[in-house]
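Fold and contact review
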Amino acid sequence: MLRSVILAASRSSRVERLVETAPFTRDVVRRFVAGTATDDALRATQELVTNGLSVTLDHLGEDTVTAEQAVAVRDEYLALLAALSAGELTPAAEVSLKLSAIGQKFDEKFAYDNARAICAAASEAGTTVTLDMEDHTTTDSTLEILAQLRADFPTTGAVLQAYLRRTESDCRELASAGSRVRLCKGAYREPESVAYQAANDVDKSYVRCMNILMSGEGYPMLATHDPRLIAIAEDRARWFDRSPDTFEFQLLYGIRPEEQARLSADGYTVRVYVPYGDEWYGYLMRRLAERPANMAFFARALVSKK
Ligand code: FDA
């Protein structure tokens, strides 16, 4: 219930204005977002890489409606990749990209061209790109664009969401040699016709999907903070004889940092998803919707600033 309300608020421009201008917001944002500028992203990346973690960087923003905005997002990624390369932060750092930020909602071919330019820059910089997955209306289009990009840039990563009923089948399709696939639970509000609604059903689907990916020939990227799923993943790695260079864990910036350090110390590859940029509102609201304790953190910040 609370999750639905917060996810609805994440699409409300009135609530957005309220939250953005509230005095307590900055402290809350800082916990989950590296900062607004490219330099902030580079600083956070440097710190994580120094601590033995890998990184994927996300320039925040989605649902772009004009070509000018989409080109600006593309150019930000090109500048970021050049800076990562100059700072010798590749291949430890890669980038995550939302196709809706580069034009998918109004011109798929244009979005593909922009994504292609970013993949080429990533390849030049010695790293790669993962295509974030958005709401279910975009899944087919995103997987089609992924297939086109992989023709020239085979390391381009996919994201599959365990809450979607179709995802087991997508996992089977994508569990091929060299295929990088991030498996997450899914962060959008989706109808029952396409997505499991009960948390337990989503978790069970996650395990079924993880079994397919971990027993397959690809490179699974297990994106979750869930202790139970992380323990099952460690078990499957042993069961399927996967060495640490054949799969990785992924967690979000600011969430369970002690677990990120623990997994890394145990010899696993751990990649931290680092968001940065001005457009943090939708991202922050999805994080708050996921966990009541994050909401409590928000409320505490509010009370302490009064
Ligand atoms: P969930 O939120 O259900 O939490 C399960 C348990 O984990 C909790 O009960 C608690 O024990 C622990 N936990 C969670 N948060 C915690 C916290 N803050 N502190 C302490 N414990 C905590 N989604 C999407 O739709 N498209 C995408 O492209 C991506 N990309 C992506 C990349 C990466 C690297 C990650 C980690 C996640 C995504 N997601 C995503 C988001 C994903 O779909 C999902 O919404 C969140 O990861 C939350 O789900 P969890 O698996 O973490 O479990």
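Residues numbered from 1 in each chain as written. Predicted model: local features only at pLDDT ≥ 70, side-chain atom pairs only at ≥ 80, totals over all residues. Heavy atoms only, no water.

- Under an unreviewed UniProt entry, the name given to the protein is proline dehydrogenase, and the source organism is Polymorphospora rubra.
- As stated in UniProt under Catalytic activity (unreviewed entry), the record for the protein gives "L-proline + a quinone = (S)-1-pyrroline-5-carboxylate + a quinol + H(+)".
- The UniProt entry for the protein carries the following text under Pathway (unreviewed entry): "Amino-acid degradation; L-proline degradation into L-glutamate; L-glutamate from L-proline: step 1/2." (UniProt positions renumbered as here; feature names shortened; annotations may be inferred.)

**Considerations on the packing of aromatic side chains**
- Overall, the coordinates contain five aromatic pairs when judged by the stated rule.
- Here F247 and F249 contribute two aromatic rings whose centre-to-centre distance is 5.8 Å and whose plane-to-plane angle is 75°, an arrangement assigned as edge-to-face. Accessibility classification places F247 together with F249 in one group, the buried group.
- Their ring planes at 65° and their centres at 6.0 Å tell us that F247 and Y268 sit as a pair that is edge-to-face. Of this pair, F247 sits in the loop between α10 (227-239) and β7 (248-252) while Y268 sits in the loop between α11 (257-265) and β8 (270-276), placing them 21 residues apart in sequence.
- Through a chain of ring-to-ring contacts, three or more aromatic side chains come together here, namely F247, F249 and Y268. (Phe/Tyr/Trp six-rings, centres within 6.5 Å; stacked < 30°, edge-to-face > 60°. Buried < 20%, exposed > 50% of the residue type's maximum accessible area, 1.4 Å probe, protein only. Helix = DSSP H or I, 4+ residues; strand = E, 2+ residues; numbered from the N terminus.)

**A closer look at the UniProt feature "binding site: substrate" (unreviewed entry) in the protein**
- In this structure's numbering, the residues bearing the UniProt feature "binding site: substrate" (unreviewed entry) are K98, R286 and R287.
- Tracing the backbone shows R286 in helix α12 (residues 281-290).
- Residue R286 is classed as buried on the basis of its relative accessible area, which comes to 7%.
- Topologically, R287 is positioned in helix α12.
- Accessibility expressed as a relative area gives 6% for R287, which makes it buried.

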